[in-house]
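If you want the building blocks of each chain, they are given just below.
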Amino acid sequence: MHIEKAFLRSKVARRIFFLFVTCAIIPITVLAIICLTQVTNQLSNQSQERLLNTAKDMEMGIRERLFLIEDEMKMVAATLRSTSADSFSEESLEFSAYLRNHFKCLGLINNSRKYISLFGRSQRTPYITPAEKEHLLSGKFLISTEYRPENSSHVYMVMALNPGYKGQEILLAEINPVFLWYGGHQDSLPAMTELCILDESNNLLESSLITLESFPEQDAIKLRAEHSGRFEWRYEEKELLASYRSVSLKEPYFMPTWALVLSQPKSYVFQPVALFKQVFPFIILMSLLVVILLSFGQIRRNLIPLERLKAGTQRIAKRDFDSRVRVNSNDEFEDLAESFNTMANQLGRQFKALMTIGEIDRTILSALDTKKIADTVITRMNEVVPCNAVTATLLDSNASNKGETYIWEEKPNVRRLVETVELRPEDIQILRDNKESLFIEQNDTPPNYLAPLAKHGIRSFLILPIFLKQNLAGIITLGYIKPPVLSSEDVYQARQLVDQVAIAISNAHLIEELNDLNWGTLTALARTIDAKSPWTAGHSERVTKLALKIGRAMGLSKKEMDNLHRGGLLHDIGKLGIPPAILDKPGKLTPEETHLMNKHVQLGARILKPIAAYTEVIPIITHHHERFDGSGYPDGLSEGAISLGGHIYAVADDFDACTSERPYRKALSRNRTINLLKKGAGSKYNPRVVEAFLEIMAKEERGEKHK
């Protein structure tokens, strides 16, 4: 009962069961489908081939009957030539009864287009074109068709009574369609076979399908592609297989081609496979039952070992590495259980080391300072691979053969910076040849980069080089006083940790490069802004430099200083949208020009708005022309409504603007500008900012560098 419940719960058991069923049912089903498809295709091909042969026979029969009708009309013409049309009677034709089976009516058309009936009555005589009349006078016969949707179509055979003489009458016969198409017996078609005959305009001349008024246009187009062929079409929700053959009458009868179509219902053609389709589901069901019975026994046999292995893995997942699995099945499951127990033992030994490596990884990968990375590695490497000392040598990116070495020893357990070490070219080449690891026993002349450890009695070294972009970036060295016994696992774990150090160093370098690129880009953009006018060259950088001094004097945080730095370089970015004529105008601006000039702070904010990282910088740009008393622009903000950066740049920007040349005035002296800013404290400017500014100016006057 326990096994039964486990079977119902186990995903593996369900998969095995599904595999058994799939492997049995799919081949049977595929084979059956292939056989059914082949038989269906064969029946379809055979049916359409029979229809095509029948169509060929019918074409020959139609031609033979047309030849017979020619002969009969020649006989009638001979009789008429010996008897006038007015004195003609049906009795004068000895074979009149025979003719009635072949013709519906027979008559003459004189030159006045008057129809003279010989027997029967034609409802309408066909119009004969000049080209057709020329054909008749050459002694040839003419076939003409007349399509009448309201009733059956009509087929006529025409001949000149006296060929070569243009004034003679024309003999006209309407052919009996039952004789022409079916040879006189309408039931002569094969069983379940339907006939359709179309003229050159795809009009229906004859159809054994009583309710068919016109042949489907999309199917009729196919009939003109080749002389004969096959296709499928639908009639009253029934699917039909069809073959067609063209009956060309151009040469003898001056008549375009007819299309003869024979069709059979698919249900009739495929009747032999209908029984197979009915039986096939029962075959599938019986196969499924057999497979289920066989699969149950095999699944139950394999389920107990799998359940035990599953329970063992769950215990390992809970960090119970002392867990063991016992299976006595004398097969691969028993071997798997032994391998599982070996794996659990190894995992137990490795788990502690991996936990330590993980902690070190998180520390070094989150650090952006290479010195902090080196300090973490040398102080904790001993927890991963036991050793007496560890050094981390970080090479200078500008001088790949020089670097600084950080050292850790068991006694004392401290880190200290060692003098710069220099690597010889041959040392670098040896490390390139041993990128994974290198073990060295000390000799009389150890490499220079091992000197910090050699001085402290270390005699054996496990060297793990760090390469970034194929260049040597650093070396991690594990030192031993006595020759160590290192397993391949120890070396592998040490190498793993060093690889993470390489990633951390690469990230730190990348952050430094990105930071340099960011500030370089902002500086370049500031110079671009200032370059728009020769009067403002260097303005943004000077203002930024002064603002940073004020910020440091006011004790701003690093984040606030970074925002202050960015805001200063970009504070006039909106002037990119101000015309140079206004920026460089030597005289006073008109009210309209002043209004446009004042918009540069709003333009600057709009330019930076899409950059999410500059959200905290935008207030500096929009507020650096606001005034403490609310008299500034663009929004007339005052006191606390103005950002601290806006207050700082209001002072720094005005100081640089006043002490610089402008097209409309000369530069003010430094002392005069300081006095103006001092007077503006509490009105135009924030008093705290002015106080810090005056402190900086005083120190500079005393020749002290503000830090």
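This brings us to the sheet that holds strand β1 (residues 103-109). Strands sit in the order β2-β1-β5-β4-β3 across an open sheet of five strands; the sheet is antiparallel. Two strands close off the open sheet at either side, each with one partner strand: β2 (115-119) and β3 (142-146). Going from strand to strand, the sheet's axes swing by 25° on average, the running direction of each strand aside. Pairing analysis gives four bridges linking β1 to β2, with the strands arranged antiparallel. Among the inter-strand pairings, G107 is bridged to a residue of β2, identified as S117.

Bringing the sheet that holds strand β7 (residues 204-207) into the picture now. Here we have five strands laid out as an open sheet, ordered β7-β6-β10-β9-β8, and antiparallel in their pairing. Strand pairing shows two members of the sheet lacking a second neighbour, β7 and β8 (228-235), which therefore form its edges. If you compare each strand with its neighbour and ignore which way they point, the axes differ by 25° on average. Of the pairings in the sheet, the one linking strand β9 (residues 238-249) to strand β10 (residues 255-265) comprises nine bridges and is antiparallel in character. Along β10, the bridge assignment pairs S246 with A259.

Here the focus is the pattern of salt bridges. Per the stated rule, a full pass over the model turns up 18 salt bridges. Residue D656 is joined to R542 by a salt bridge in which the shortest nitrogen-to-oxygen separation is 2.6 Å. On the criterion of sequence distance, the pair formed by D656 in helix α21 (residues 644-658) and R542 in helix α15 (residues 539-553) is long-range, its members being 114 residues apart. Using a relative accessible area of 5% as the deciding quantity, one classes D656 as buried. For R542, a relative accessible area of 36% puts it in the partly exposed group. If you follow the salt bridges from partner to partner, you end up with E232, R234, E237, E239 and K266 in one network.

Reading the values: rules and limits
- Residues numbered from 1 in each chain as written.
- Predicted model: local features only at pLDDT ≥ 70, side-chain atom pairs only at ≥ 80, totals over all residues.
- Heavy atoms only, no water.
- Pairing = 2+ DSSP bridges.
- Helix = DSSP H or I, 4+ residues; strand = E, 2+ residues; numbered from the N terminus.
- Axes fitted to C-alpha atoms, helices over the stretch in contact; angles between N-to-C directions.
- Salt bridge = Lys/Arg side-chain N within 4 Å of Asp/Glu carboxyl O.
- Buried < 20%, exposed > 50% of the residue type's maximum accessible area, 1.4 Å probe, protein only.

What is shown is where atoms sit, not what they do.
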